[in-house]
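# Examining the three-dimensional arrangement
The residues making up each chain are set out below.
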Amino acid sequence: MTSDSPAESAGSLGGRLPLADPATLAPAQRELYDQLIGTWVAFTDKLGIRSTTEDGRLIGPFNALLLHPEVTAKLLEFQGAESANTSLSPSVREVVIIVLGAVYRADYELYAHKIVARTVGLTDDHALALAAGEIPEGLGEHEKLAARLTHAMATHHRVDDKLYQDALSAFGAKGLFDFVAVMGVYHTVCAMLTLFEVPAP
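Let me sum up the structure you'll find in this document. (Residues numbered from 1 in each chain as written. Predicted model: local features only at pLDDT ≥ 70, side-chain atom pairs only at ≥ 80, totals over all residues. Heavy atoms only, no water.)

At their nearest, the axes of helix H5 (residues 90–104) and helix H9 (residues 161–195) sit 9 Å apart, and the two run at 40 degrees to each other. Comparing their axes, H9 and H5 come out oblique. Crossing of H5 against H9: the hand is right-handed. Mapping the contact onto sequence places Val92, Arg93, Val96, Ile97, Leu100, Gly101 and Tyr104 in H5 and Phe171, Phe179, Val182, Met183, Tyr186, His187, Cys190, Ala191 and Thr194 in H9. Broken down by class, the residue content of the contact of H5 with H9 amounts to 12 nonpolar, three polar and one charged. (Axes fitted to C-alpha atoms, helices over the stretch in contact; angles between N-to-C directions. Helix = DSSP H or I, 4+ residues; strand = E, 2+ residues; numbered from the N terminus. Parallel < 35°, antiparallel > 145°, perpendicular 65-115°, else oblique. Left-handed = near helix turned anticlockwise from the far one by under 90°. Contact = heavy atoms within 4.5 Å. Nonpolar A, V, L, I, M, F, W, Y, C, P; charged D, E, K, R; others polar.)

Right, here's the structure in full:
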């Protein structure tokens, strides 16, 4: 981690939100903070994704999640169930997340998931193209289909019969449900990041 300036610690990495001071958190917030440090922060640290400041304040979506611990607890439960039980391949799931981040122009989400993409076999060029709203030629057929389906759902809120049948043939009805589930999680994350204008570090 790099050293933070006082201005950064005071909230520039929070976008429209000040970064919560761990020393002043309410009990429910502190419990959630400790949970996030032990799970998501530990995970992101291993990948080289920055999710805290030098003085221990959460950044990215994690700072905003502290606003309502009771709702966040259920969101994290849903996200855990979705990711642990999905029928989608890791690369297809990651394509869904990056395409959705591109639609929302969610800077932190795109920053983090371009790094995650490497762990599931997507090249940096593919991740960068998807983050720019493109579908790169070298992408696998299922990944291309996932990108088209996600973009259609997120921008037009409709899927034509041909795309639906192609997606159904490739992923099955359960797989299409799993598309909706992962999109549900990341619609929430991306909407939060864009509403509060949370930057990438």
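The discussion continues.
To continue, consider the packing of helix H6 (residues 107–119) against H9. Where H6 meets H9, the axes come as close as 8 Å, and the angle between the chain directions of the two elements is 125 degrees. In terms of axis orientation, H6 runs oblique to H9. Taking contact as the criterion, the partners of Tyr108, Glu109 and His113 in H6 are, on H9, Tyr186, Cys190 and Leu193. Split by residue class, the contact of H6 with H9 holds four nonpolar, one polar and one charged.

Moving on to the nonpolar core. Membership of the largest hydrophobic core comes to 59 residues, with the highest contact counts inside it found for Tyr108 and Phe179. Elements that contribute at least two residues to this core include exactly helix H2 (27–47), helix H3 (61–65), helix H4 (69–85), H5, H6, helix H7 (124–131), helix H8 (141–155) and H9. Here this core takes 13 residues from H9, the largest share from any one element. Not counting the four nearest positions on each side in its chain, Phe179 is found in contact with Leu88, Val92, Val96, Ala146, Leu149, Thr150 and Phe171. (Core = buried A, V, L, I, M, F, W, Y, C linked by side-chain atoms within 4.5 Å. Buried < 20%, exposed > 50% of the residue type's maximum accessible area, 1.4 Å probe, protein only.)

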